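# Structure at a glance
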Amino acid sequence: MKGFARLVPAAVVLAVLLAWEATVRIGGIPPYILPAPSLVAATLWRELPSLLPSLWFTLKITVGALALAVAGGVALAALFALSRPIETALFPLAIVLQVTPIVAIAPLILIYVESTTAALLICAFIVAFFPILANTVVGLRSADAGLRDLFTLYGASRWQRLRLLLVPSALPYFLAGLRIAGGLALIGAVVAEFAAGAAGRETGLASRILEASFRTEIPKMFAALVLVSAVGIAIFVVFDALARRLLGRWHDSETPRA
């Protein structure tokens, strides 16, 4: 039964691709309007050597921004958990960053930051930062009240309370935020590069998509989009596996269901 359940998503994707292929072939749709999956696959194979450097650049921006978001979000969440006045003072600023569309502020960042790579990194960081911060803060607040009282009774220090009580209770929330932030970091990197309109060797997949659109190379656009989607899927799969690894033996969210 489990094996059948695992085959269902693959079967659905295959059915969609077959329907897409049949629609293009039967309808005689030209490739500059909608290329068939077979043409996209052939284009991806042919253009892969030229797309790989761009894929690597996008991946570097995404991973770097996510690492910064994790470091900054977790550190700030821990500070909020230890000091309510600091949380009251700084949390509204984090909300402002979250609700401001990255498309609106990316051009400003690109003006003020001399390095395009650094500007893209900042844009992706801003998008990925808030889910880590918000989820970790919620997790740190979700520790059992009885255990909180027990730590108080035994005179635990703030560091002991954070390390032994709050961090374990926040781990499931942090991992959930990590799965969200991973995809958002990729989106932020791609959107920021669209706003930058960057060109040259040190550019990512968004630039390849823009170049292909200017030249009406629609199959190449789809090939680059496939790589972007593959990166997003890979990020989600890695963090989902990490969550199962860390939580599977003790937390209800990852325990096997009958």
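As a reminder, the structure under discussion sits directly above these lines.
The paragraphs below set out a description of the structure included in this document. Just so we're clear, the structure is a prediction, and the values are computed from it rather than from any experiment. (Residues numbered from 1 in each chain as written. Predicted model: local features only at pLDDT ≥ 70, side-chain atom pairs only at ≥ 80, totals over all residues. Heavy atoms only, no water.)

### Things to note about the nonpolar core
The condition that has to hold: Here, the term nonpolar core denotes a set of buried Ala, Val, Leu, Ile, Met, Phe, Trp, Tyr and Cys residues that are joined through side-chain atoms within 4.5 Å. A 1.4 Å probe rolled over the protein chains alone gives each residue an accessible area, and that area as a share of the maximum for its type sets the label: buried under 20%, exposed over 50%, partly exposed in between. Runs of H or I in DSSP of at least four residues are treated as helices and runs of E of at least two as strands, each being numbered from the N terminus.
Counting residues in each nonpolar core, the largest one holds 41 residues, and the members touching the most others are L133 and L178. Counting residues per element, the ones that place at least two in this core are α2 (37-82), α5 (116-141), α7 (158-196), α8 (205-214) and α9 (218-247). In terms of residue count, the dominant contributor to this core is α7 (11 residues). F57, C123, I126 and V127 belong to the second-largest nonpolar core, a separate cluster that totals 15 residues.

### Concerning the pattern of salt bridges
Basically, it comes down to this: When a carboxyl oxygen of Asp or Glu lies within 4 Å of a side-chain nitrogen of Lys or Arg, that pair is called a salt bridge.
Inspection of every chain in the model, using the stated rule, returns eight salt bridges. The closest approach of N and O atoms between R208 and E211, which form a salt bridge, is 2.5 Å. With R208 and E211 both in helix α8 and three residues apart, the pair spans about one turn of that helix. For R208, a relative accessible area of 9% corresponds to the buried category.

### Examining the packing of α2 against α5
When two helices pack together, their arrangement is given by the angle between the helix axes and the distance between those axes. Inclusion rule: Lines are fitted to the C-alpha atoms to define the axes, a helix being fitted only along its stretch in contact, and any angle between axes, read from their N-to-C directions, falls within 0 to 180 degrees. Note on convention: near helix rotated counterclockwise from far helix by under a right angle means a left-handed crossing. Clockwise means right-handed. Amino acids outside the nonpolar list (Ala, Val, Leu, Ile, Met, Phe, Trp, Tyr, Cys, Pro) and the charged list (Asp, Glu, Lys, Arg) are all regarded as polar, and Gly is one of them.
The contact between α2 and α5 brings their axes to 6 Å, and the two run at 40 degrees. Of the two possible hands of crossing, α2 and α5 adopt the one that is right-handed. Its residues assigned to classes, the contact of α2 with α5 comprises 22 nonpolar, five polar and no charged.

### Let's talk about the packing of aromatic side chains
Here is the rule: Put simply, two rings from Phe, Tyr or Trp (the six-membered ring, in Trp's case) pair if the centres are within 6.5 Å, and we call them stacked under 30 degrees between planes, edge-to-face over 60, tilted for the rest.
If you walk through the whole model with that rule in mind, you get four aromatic pairs. Here W20 and F222 contribute two aromatic rings whose centre-to-centre distance is 5.8 Å and whose plane-to-plane angle is 50 degrees, an arrangement assigned as tilted. Here F222 lies in helix α9 and W20 lies in helix α1 (residues 2-27), a separation of 202 residues in the sequence. Using a relative accessible area of 23% as the deciding quantity, one classes W20 as partly exposed. For F222, a relative accessible area of 23% gives the class partly exposed. Look at F91 and F130: their rings are 6.1 Å apart centre to centre, the planes differ by 50 degrees, and that puts the pair in the tilted class. Of the two residues, F91 sits in helix α3 (residues 84-99) while F130 sits in helix α5, which places them 39 residues apart along the sequence. Residue classification places F130 among the buried positions, given a relative accessible area of 16%.

### Thoughts on α8
What counts here: By definition in these notes, contact holds between two residues if any of their heavy atoms fall within 4.5 Å.
Within α8, seven of the 10 residues are buried, which leaves the element mostly enclosed by the surrounding structure. For α8, the set of buried residues is L205, A206, S207, R208, I209, L210 and A212. Against α2, α7 and α9 lie the buried residues of α8. Just downstream of α8 lies T216, where phi reads positive at about 55 degrees.

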